[in-house]
Amino acid sequence: MGKKKASKATDYNFDNIVAPATAVGAGAIGIIRLSGADVITIADAIFTPYQHSGKKSANLKGSDSYKLIFGKIADSVLIDECLAAVFRAPNSYTGENSVEFYTHASSYIMEKVQRMLLDISTRLLKDGKISSPLRMAQAGEFTQRAFLNGKMDLAQAEAVADLIASETESSHSIAMNQMRGGFSKELRDLRQSLLSLCSLLELELDFSEEDVEFADRQKLTSLLTTTYIKIKDLADSFALGNVIKNGIPVAIVGAVNTGKSTLLNLILGEERAIVSPIQGTTRDTVEDNINIGGTLFRFIDTAGIRNTTETIEMMGIERTWQKLKESTVIILMLDATREASFSPSLSSIAEKIDTKRQQLIIIANKTDKLASANCVQTLEKTIKNCCKALELKPKSIIATSLKKNPTESKVRTESVLSEIGKSFSSDIQGKTYVTNLRHYQALRDAQSSIERVFAALDANLPTDLLAQDLRQATDDLGSIIGEISSKDVLNNIFANFCIGK
C-alpha cells in the first residue's frame, strides 16, 4: 500500500485543506471538512468542547475517532455551538487525518469558521506547531487524495461523482456497484490475464537466440479471444449504461399540429413548449427530464414534420430526424382525424427506426373529434395493419384525446414508459455497466490493441511486435483504474467534482 501511495503521490501538494462539504444555506446543518497531517491540531485551536455529566470533554487531539463532540467555536464572541468529529489516518475517507465540523448552515457561520481556521493555521505554522499551511481545497481534492492514498482506485473515485449525481434507482445502482469495486475487479482480472500472456511473450524475447516458444500460439489465441470478448461486452454496455445514467432519451415526433408539445407539457406538468394551432410553431428541440417509475427519461419535443421551403423550419425538421436517430424511445404522434396520413407517417418512421435498439410508442390524438367509439376501434385496427405491413412492432398504440382526457392520456403514456424503464432496471441487476466516456474509450483502445495482436499472429510476425501491442492493451485497461495515469489526466477528472468531495 505504501509503495502504491508513493508512486501515485509524486509531485502532488499534500498541504492541509479545508472546504464546505454541503451547500451553504440549503439546509439546517452545514459541514466543514478538513484533511491533512495537521488538521486535528488546527481544528482543536478554535473548538472548545463542553462539559458532559460533570466531566470536561476531551479536546479534539485526545478524542476518540468517529466520536461526535459537542462544543463551541468562538473568537471574541460566540460564533456557533456545533458538533465535531475526528477521523485519524489511515482510517478516514482520504486516508489522512480528517476533521468535520457540523455547524448551522448559515453562510456567515460557515465562512467565519473557515476564515478562523485559515488564520489560526498561519499562526500555528509560524510558531512551528504544524508543518504545512492550511488552504482551501480544490474541486474533488478530498476524493483525489483518497485515490492517491490507495483508499480507492480511479474507477471507484469517478463513481463517487456519479453517485452524487444519481437521480434514479437505476443510476444509483450502477454507481454504487462501481464504487464498491465491481467494475474494478473485472478490469483487474482482465488486465492480469493480459499481463500473464505478456510476460510469457517477453520471456521469449529474453531467449530469442535459442528460439524458445513459451507461449503456445494456439492457446494464446484462445485466451486472447476470451479476454477480447469480455472487453468488448464491457465496451458495448456503454450504450445502455450511458442511457441509464443520463436519462433514456424519448423523441416525440410527428406531423405538425398532432399534439407533440401538448404531450410534453402534460408529462412534465408545466408549459415547457409553446402550444399553438399555427403550424410550424416548434422550430427547435425542447428537452427536459422526468423520473417515471424510478427511471429517468429525457423527453425531446421536436419540430413537426411536413414539406416546407422555409429555411429555419427545414433546419428544425432535420434536427427532428437527428434526435430520432439518437433516441432510445420514439413516440410517434398521429392525428386521429387524418387517417390518410397514417401510412406515410409510419413509413417515414419505419425507414429510420432501428428496431433492435429503439422502442416505438404510437399515440393517435384528437379522438374526441371522431364520430363514435367504433371509429376509435377502427382507427386502432388501421394503425395495427399499417404497422404489420411495415414490419413495425410498437410497444403500445394509444388512441386518446390529450385535450379532452389529459389525465388519462398522461397516465397511459407514463404507464408504457414505466414498463420500458422496468425492463432497463431489470437488465442492470447484478451486471456491470460502463457509464463513463473515458472508460469506454480506453476499452475500445484495448480492443484495437488486441485486434492488432490477432493480425500479427495470423501474419506470423515477430514476438516483439506481439508483446508491444499486448502491453498497450494492459496499459489501456490500467488507465481506467489508475494503474497507469498522468497528473494532467487526474487533475482533469477531479476538476469535474464538486468542492468538498
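Please refer to the structure placed before this passage.
All residue numbers refer to positions counted from 1 along the written sequence of the respective chain. Restriction of local features to residues with pLDDT of at least 70 applies here, the model being predicted, together with a cutoff of 80 or more for giving and counting side-chain atom pairs; totals for whole chains, interfaces and linings are based on all residues. Side-chain calculation: all heavy atoms of the structure are included, whereas hydrogens and water are not.

Got a minute to help me understand helix α9 (residues 238-246) in this structure?
Each full turn of the α-helix corresponds to 3.6 residues, which orients residues three or four apart in the same direction. Here the term buried applies to any residue with accessible area under 20% of the maximum for its type, exposed to any over 50%, and partly exposed to those in between, with areas from a 1.4 Å probe on protein chains only. Put simply, DSSP marks the helices as runs of H or I at least four residues long and the strands as runs of E at least two long, and each gets a number from the N terminus on. The set of residues buried in α9 consists of Phe-238, Leu-240, Gly-241, Val-243 and Ile-244. Just downstream of α9 lies Gly-247, where phi reads positive at about 105°.

Got a minute to help me understand the pairing of strand β13 (residues 329-335) in this structure?
Across a regular strand the side chains alternate sides, sitting on one face of the sheet and then on the other. Along β13, seven of the seven residues are buried, which leaves the element largely enclosed by surrounding structure. Strand pairing is assigned whenever DSSP detects at least two bridges linking the two strands. Relative to β13, strand β10 (residues 248-254) is paired through five bridges, and the arrangement is parallel. For Gly-254, the partnering residue across the bridge sits in β13 and is Met-333. Note that the unit made of β13, helix α12 (residues 342-352) and strand β14 (residues 359-365) has a crossover that is right-handed. When the strands point away from the viewer and the connection leading from the first strand across the helix to the second strand turns clockwise, the crossover is called right-handed.

Looking at this structure, how should I read the packing of aromatic side chains?
One pair of aromatic rings is described through two measures. These are the centre distance and the angle between the planes. A pair of Phe, Tyr and Trp rings is counted when the ring centres sit within 6.5 Å of each other, with Trp represented by its six-membered ring. The angle between the planes then sorts it: under 30 degrees is stacked, over 60 is edge-to-face, the rest tilted. All told, the structure shown has eight aromatic pairs when counted by the stated rule. The interplanar angle of 75° and the centroid separation of 5.9 Å between the aromatic rings of Tyr-228 and Phe-454 together place this pair among those described as edge-to-face. Residue Tyr-228 is found in helix α8 (residues 217-236), and its partner Phe-454 is found in helix α15 (residues 437-458); the two are separated by 226 residues along the sequence. Overall, Phe-454 belongs to the buried group, its relative accessible area being 18%. Residues Phe-494 and Phe-497 carry aromatic rings whose centres are separated by 5.3 Å and whose planes lie at 45° to one another, so their mutual orientation is tilted. Clustering of aromatic rings is evident, with ring pairs tying together Phe-147, Phe-494 and Phe-497. Here, over-ring charges are defined by two tests on the NZ atom of lysine or the CZ atom of arginine: distance to the ring centre within 6 Å, and angle to the ring normal within 35 degrees. Positioned above the aromatic ring of Tyr-93, the side-chain terminus of Arg-33 is 6.0 Å from the ring centre. One cation-aromatic arrangement involves Arg-33 over Phe-142; the distance from NZ or CZ to the ring centre is 5.6 Å.

Whenever I open this one, the pattern of salt bridges confuses me. Can you help?
Between side chains of opposite charge, a pair can form when the charged atoms approach closely. What counts as a salt bridge is simple: a side-chain nitrogen of Lys or Arg found within 4 Å of a carboxyl oxygen of Asp or Glu. Inspection of every chain in the model, using the stated rule, returns 18 salt bridges. For the salt bridge of Lys-232 with Asp-236, the shortest nitrogen-to-oxygen distance reads 2.8 Å. A residue pair is termed a helical-turn pair when its members lie 3 or 4 positions apart in one helix, as Lys-232 and Asp-236 do in helix α8 at four residues. Given the relative accessible area of 34%, Lys-232 is considered partly exposed. Looking at Asp-236, the relative accessible area reads 33%, which means it is partly exposed. Taking the shortest distance from any N to any O, the salt bridge between Asp-236 and Arg-444 comes out at 2.9 Å. Remark: Arg-444 occurs in helix α15 and Asp-236 occurs in helix α8; sequence separation between them is 208 residues.

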